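Notes for the structure review
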Amino acid sequence: MKNSENKKLVLLTGAGGLLGSHITRELLLRNYSVVAFIEAGKEPSTLMGLTDVSFIYGDILNVEEVISASRHCDYIIHAAANTTVIPARSQKTNDINIKGTQNIICAALQNKVNRLIYIGSASSIGYGSIKNPGNETRPYCSAKFGLDYIDSKHKAHQIVLDSVKNEKLPAIILCPTFMLGKYDSKPGSGAMIVSVHNGKLPGYSAGGRNYIYAADVAVAVVNSLERGQIGESYILGNQNLNYKNAFGLMAKTIGVKPPAIRLPKPIVLFYGILCSVISKIAKKNIPINFPMARIANEGVYYDSSKAIKELGLPQTPITVAINECYSWLKKEGLLNKK
């Protein structure tokens, strides 16, 4: 039996993360009720004080718990993921991102939800250059980097598409690029702004990426409960910037000096190899590895025209996202985090 009140009920996994915190607020703004599925043992500090949110603590790898949590929900938004890139290979990352998604699909089918929104990753779609950015027609091309996070998100993406085709799963896939905004309590993507603020970057690498404001992604996610085509994938991004321009924009926005030296590709790769070797010998994680060094040299650029047209994806200036992220990190005392 579905929610008998006028408000539609949404199960949101990953509700306490950067994106999940924005999605929760966007849902509440539009008069949805939220069931926040939170990893057992964790406290969602970014959600404290919100009304019309109920919390269920559980394990995404326990299918019965997922089915139970979503039993009376009209929709599921699956934003939970393990984003670990250090170490590059991780069974936990694979389990959470692949098996966790399979469990969500099982729950969506068994409970006959109206729609499942799977939050994937733009890395599951082929990227391009600034002049010819990647779009939803480009095949996956990031397996070469050797990161279980990227590979597992791609596998989960394919599992959702297969379920749409073979089991009539009412799902669409949203693939955000690099998100910036407040509620980044780790910090995750905001670590880039922390590094720029603290002057910790020796220089910038040759690559670049696409950036988007996390609140804009949340708007598109909630829009997708009623908009978008079942079985379709959508890239949620905004501005393509190489690292020189990205760090320059961050530095200018927060009032510090940007890194001024371009690091040659061979030096970046050598440093990545060295860190990977040291990490293996010392049996401890180091904040960079060879796959990350390879990505740092790549121009990973995307076109979000499809999501703008079909999902109403906003395109807020990235300076707003930088400012908001910076203010949040400052308020939370995370700017000098090592």
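Look a little higher up for the structure.
Now for a quick tour of the structure. The model shown is predicted, which means the values in this text are computed figures rather than measured ones.

Thresholds, definitions, all that
Residues numbered from 1 in each chain as written. Predicted model: local features only at pLDDT ≥ 70, side-chain atom pairs only at ≥ 80, totals over all residues. Heavy atoms only, no water. Axes fitted to C-alpha atoms, helices over the stretch in contact; angles between N-to-C directions. Helix = DSSP H or I, 4+ residues; strand = E, 2+ residues; numbered from the N terminus. Parallel < 35°, antiparallel > 145°, perpendicular 65-115°, else oblique. Left-handed = near helix turned anticlockwise from the far one by under 90°. Contact = heavy atoms within 4.5 Å. Nonpolar A, V, L, I, M, F, W, Y, C, P; charged D, E, K, R; others polar. Salt bridge = Lys/Arg side-chain N within 4 Å of Asp/Glu carboxyl O. Buried < 20%, exposed > 50% of the residue type's maximum accessible area, 1.4 Å probe, protein only. Phe/Tyr/Trp six-rings, centres within 6.5 Å; stacked < 30°, edge-to-face > 60°. Lys NZ or Arg CZ within 6 Å of the ring centre and 35° of its normal. Polar contact = N/O pair within 3.5 Å; in protein donor to acceptor, adjacent residues only side chain to side chain. Patch = residues over 30% accessible without salt bridge, like charges linked within 9 Å, V, L, I, M, F, W, Y side chains within 5 Å. Areas by Shrake-Rupley, 256 points an atom, 1.4 Å probe, with all protein chains shown as cover. Core = buried A, V, L, I, M, F, W, Y, C linked by side-chain atoms within 4.5 Å. Pairing = 2+ DSSP bridges.

Quick look at the packing of helix H5 (residues 191–198) against helix H7 (residues 243–254) now. Contact pair H5 / H7: the axes reach a minimum separation of 10 Å and the direction vectors enclose 70°. Taken as axis vectors, H5 and H7 run roughly perpendicular relative to one another. Helix-helix and strand crossings are classified by hand; for H5 and H7 the assignment is right-handed. Of H7, the residues touching H5 (which contributes Met 192, Ile 193, Val 196 and His 197) are Tyr 243, Phe 247, Met 250, Ala 251 and Ile 254. Class assignment of the residues belonging to the contact of H5 with H7 gives a composition of eight nonpolar, one polar and no charged.

Scanning all chains against the criterion turns up eight salt bridges. For Lys 331, the salt bridge identified is with Glu 332, shortest N-O distance 3.6 Å. For Glu 332, a relative accessible area of 41% translates into the label partly exposed. Connected via shared salt-bridge partners are Arg 89, Asp 148 and Asp 151.

Moving on, we come to the packing of aromatic side chains. One pass over the full model with this rule turns up four aromatic pairs. Judged by centre distance (6.3 Å) and plane angle (80°), the ring pair of Tyr 32 and Tyr 75 falls under edge-to-face. Here the residue Tyr 32 occupies a position in the loop between helix H1 (18–29) and strand S2 (33–39), and Tyr 75 occupies one in strand S4 (residues 75–78), the gap between them amounting to 43 residues. Across this residue pair, the class does not change: Tyr 32 and Tyr 75 are buried. A ring pair is formed by Tyr 243 and Phe 247, whose centres lie 5.9 Å apart and whose planes are at 20°; its orientation type is stacked. Taken together, the positions of Tyr 243 and Phe 247, both in helix H7 and four residues apart, correspond to about one turn of that helix. Each member of the pair, Tyr 243 as well as Phe 247, is classed as buried. If you follow Arg 25 out to its NZ or CZ, it ends over the ring of Tyr 183, 4.0 Å from the centre.

Attention now goes to the side chain of Asn 97. Residue position: Asn 97 is located in helix H3 (residues 91–110). A polar contact of 3.0 Å, which involves the side chain of Asn 97, links it to the side chain of Ser 152.

Judged by side-chain polarity, Phe 270, Tyr 271, Leu 274 and Ile 278 come together as a nonpolar surface patch covering roughly 410 Å² of accessible area. Position of Phe 270 among the secondary structure elements: in helix H8 (residues 265–282).

Counting residues in each nonpolar core, the largest one holds 37 residues, and the members touching the most others are Leu 11, Ile 76, Leu 116, Val 160, Leu 169 and Tyr 302. Residue assignment for this core shows that the elements contributing at least two residues are strand S1 (9–13), S2, helix H2 (63–69), H3, strand S5 (115–119), helix H4 (148–167) and strand S6 (171–176). Beyond its immediate stretch of four places on either side in the chain, Leu 11 contacts Val 35, Phe 37, Ala 69, Ser 70, Cys 73, Tyr 75, Ile 76 and Ile 77. Counting residues in each nonpolar core, the second largest holds 34 residues, with Ala 36, Ile 77, Val 221 and Leu 313 among its members.

Turning to the pairing of S4, a few remarks are in order. Here S4 shows two buried faces, one formed by Tyr 75 and Ile 77 and the other by Ile 76 and His 78. Judged from the four bridges that link them, S1 and S4 form a sheet pairing that is parallel. Among the inter-strand pairings, Val 10 is bridged to a residue of S4, identified as Tyr 75. Bridge count between S4 and S5: four bridges; the pairing is parallel. Following the sheet pairing, Ile 76 is matched in S5 by Leu 116.

Take the environment of Ile 322 next. Within the secondary structure, Ile 322 sits in helix H11 (residues 318–331). Residue classification places Ile 322 among the buried positions, given a relative accessible area of 1%. When the C-alpha atoms of Ile 322 and Tyr 213 are compared, they prove to be 8.3 Å apart, with 109 residues separating the residues in sequence. Beyond its immediate chain neighbours, meaning those up to four positions away, Ile 322 contacts Leu 180, Ile 193, Leu 249, Met 250, Thr 253 and Ile 254.

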